[in-house]
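Structure at a glance
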Amino acid sequence: MSSEDFEKLHEMYKHIYNDLKSMPEIAAKCRGEEKKRVVREFDEKSGEAEEVLKGMDEELLLAPSSFRNPMSTTMRMYRRDLGKLQRDMKSTDLGLGFGARGESKYGAYTAENEHSTQLQSQRALILQGTESLSRATQSIERSHRIAAETDQIGTDIIEELGEQREQLDRTRDRLIHTGENLSRSRRILRSMSRRLMTNKLLLSVIILMELAILGAVVYLKFFRK
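Presented here is an overview of the structure given in this document. Just so it is clear, the structure is predicted and the values come from calculations on it, not from any experiment. (Residues numbered from 1 in each chain as written. Predicted model: local features only at pLDDT ≥ 70, side-chain atom pairs only at ≥ 80, totals over all residues. Heavy atoms only, no water.)

1. Some thoughts on the pattern of salt bridges
Our working rule: Here, a salt bridge means any side-chain nitrogen of Lys or Arg that lies within 4 Å of a carboxyl oxygen of Asp or Glu. Numbering of helices and strands starts at the N terminus; helices are DSSP runs of H or I of at least 4 residues and strands are runs of E of at least 2. For every residue, the accessible area obtained with a 1.4 Å probe (protein chains only) is divided by the maximum for its type, and the residue is called buried under 20%, exposed over 50%, and partly exposed between those limits.
One pass over the structure, following the stated rule, counts 11 salt bridges. One salt bridge in this structure joins Lys36 and Glu33, with 3.3 Å as the shortest N-O distance. With Lys36 and Glu33 both in helix α3 (residues 32–61), this residue pair falls three residues apart, about one helical turn. Of the charged contacts, one joins Arg37 and Glu34 as a salt bridge, the two residues approaching to 2.4 Å between their closest N and O atoms. With a gap of three residues between them, Arg37 and Glu34 both fall in helix α3, about one helical turn apart. Under the relative-accessibility criterion, Arg37 is labelled partly exposed at 39%.

So this is what it looks like as structure tokens:
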């Protein structure tokens with residue numbers, strides 16, 4: 001929607017309506033040709049107002065809902081006010097053959113006004129329903145995306161937990177192997193310790209034997225003669 005075009009039509013309607021709203025009172029005070037002229041002018045300007053309102057309806061259909069909803073209410077008020085002016089003009093004594101024509105003309109305008117108001121209300125309801133359906137569709141699509149993302153996150157977490165379990169299993173196996181190696185090392189150390197003690201005992205025996213032999217030699221050489 002061109003907001004500039006809508007505003008132009010809006011200003012044009014307000015200008016036409018300002019001209020129209022005083023005409024029923026003026027027509028009621030006039031007689032003869034003057035009344036005919038006022039009625040013709042009212043007829044022309046009322047038709048212009050109808051055309052401008054139709055143009056505003058067309059522009060409003062393309063407007064965003066944040067602007068369209070309040071302006072739809074305003075448009076219904078404009079049509080109601082225009083219909084009231086047409087009824088006011090109809091109620092005046094037109095005279096000079098204008099009564100029947102005026103009654104038919106303004107009755108037709110009033111019926112058209114009411115019909116246009118009903119159409120405008122129906123269009124607004126249809127547009128609101130379409131927007132509600134669109135919002136619901138978008139909400140469902142977002143829910144589907146969130147569900148898909150959640151499912152993907154769950155799959156990733158399960159895969160990550162599986163990898164961590166494998167790592168824990170490998171760590172447990174390494175710990176078991178390390179425990180076995182430590183047990184083997186302890187057995188080796190105990191064996192080496194026993195061998196060391198045995199070697200010390202043997203060395204002590206050998207030293208004692210050498211000392212005994214040395215003592216025997218010294219005794220035999222120096223003390224036994």
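2. Focus on the nonpolar core
To keep it simple, the criterion reads: Put simply, buried Ala, Val, Leu, Ile, Met, Phe, Trp, Tyr and Cys residues joined by side-chain atoms within 4.5 Å make one nonpolar core. Only heavy atoms matter for contacts: two residues are in contact if any of them lie within 4.5 Å across the pair.
Membership of the largest hydrophobic core comes to 23 residues, with the highest contact counts inside it found for Tyr13, Leu20, Leu53, Met56 and Met89. Sorting the residues of this core by element identifies α1 (3–20), α2 (23–29), α3 and α4 (65–91) as the ones contributing at least two each. What Met56 contacts, discounting residues up to four positions off in sequence, is Phe6, Leu9, His10, Tyr13, Met75 and Tyr78.

3. Focus on a positive patch on the surface
What counts is decided by this rule: Within this analysis, patches are made of residues with over 30% relative accessible area and no salt bridge. Like charges are joined at 9 Å or less; nonpolar side chains (Val, Leu, Ile, Met, Phe, Trp, Tyr) at 5 Å or less. Accessible surface area values rest on a Shrake-Rupley calculation with a 1.4 Å probe, where residue burial reflects the displayed protein chains alone. Charge assignment: positive for Lys and Arg, negative for Asp and Glu; neither His nor the chain ends contribute. Taken as the charge centre is NZ of Lys, CZ of Arg, CG of Asp or CD of Glu, depending on the residue.
On the surface, a cluster of positive charge is contributed by Arg184, Arg186, Arg187, Arg190, Arg194 and Arg195. Residue placement: Arg194 occurs in helix α5 (residues 98–223). Note on Arg194: relative accessible area 53%, which makes it exposed.

4. Notes on the environment of Leu20
By secondary structure assignment, the location of Leu20 is in helix α1. The class for Leu20 is buried, based on a relative accessible area of 0%. Separated by 26 residues in the primary sequence, Leu20 and Ser46 place their C-alpha atoms 7.3 Å from one another. Once residues lying within four places of it in the same chain are set aside, the contact partners of Leu20 are Phe42, Lys45, Ser46, Ala49, Leu82 and Leu85.

5. Points about the environment of Lys29
Note on placement: Lys29 falls in helix α2. The exposure class assigned to Lys29 is exposed, which follows from its relative accessible area of 65%. In this structure the C-alpha to C-alpha distance between Lys29 and Thr92, which are 63 residues apart in sequence, comes to 9.2 Å.

6. Some thoughts on a negative patch on the surface
A cluster of acidic side chains, namely Asp156, Glu159, Glu160, Glu163 and Glu166, defines a negative patch on the protein surface. Secondary-structure assignment places Glu159 in helix α5.

7. A look at the packing of α3 against α4
Stated formally: Fitted lines through C-alpha atoms give the axes, limited to the stretch in contact for helices. The angle between two N-to-C directions lies from 0 to 180 degrees. Angle categories are assigned with fixed cut-offs, so that under 35 degrees is roughly parallel, over 145 is roughly antiparallel, 65 to 115 is roughly perpendicular, and the rest are oblique. Handedness of a helix crossing follows the sense of rotation of the near helix relative to the far helix, less than a right angle counterclockwise being left-handed and clockwise being right-handed. Note on residue classes: Ala, Val, Leu, Ile, Met, Phe, Trp, Tyr, Cys and Pro are nonpolar, Asp, Glu, Lys and Arg are charged, and everything else, Gly too, is polar.
Running from amino to carboxyl end, α3 crosses α4 at an angle of 165°, the nearest separation of the two axes being 11 Å. Our classification of the angle between α3 and α4 gives roughly antiparallel. Once α3 is placed against α4, the crossing between them reads as left-handed. Of the residues in α4, those in contact with Val38, Val39, Phe42, Ser46, Ala49, Glu50, Leu53, Lys54, Met56, Asp57, Leu60 and Leu61 of α3 are Phe67, Arg68, Met71, Ser72, Met75, Tyr78, Arg79, Leu82, Leu85, Gln86 and Met89. Each residue belonging to the contact of α3 with α4 can be placed in one class, and the counts come to 15 nonpolar, three polar and five charged.

8. Overview of the packing of aromatic side chains
We apply this condition: Any pair of Phe, Tyr and Trp rings, taking the six-membered ring for Trp, is counted once the centres come within 6.5 Å. Such a pair is stacked with planes under 30 degrees apart, edge-to-face with planes over 60 apart, and tilted for the rest.
Under the definition given, this model contains two aromatic pairs. A centroid spacing of 6.0 Å and a plane angle of 25° characterise the contact between Tyr13 and Tyr17, whose relative ring orientation is stacked. A residue pair is termed a helical-turn pair when its members lie 3 or 4 positions apart in one helix, as Tyr13 and Tyr17 do in helix α1 at four residues. Here the aromatic residues Tyr13, Tyr17 and Tyr78 are joined through ring pairs into a cluster of three or more.

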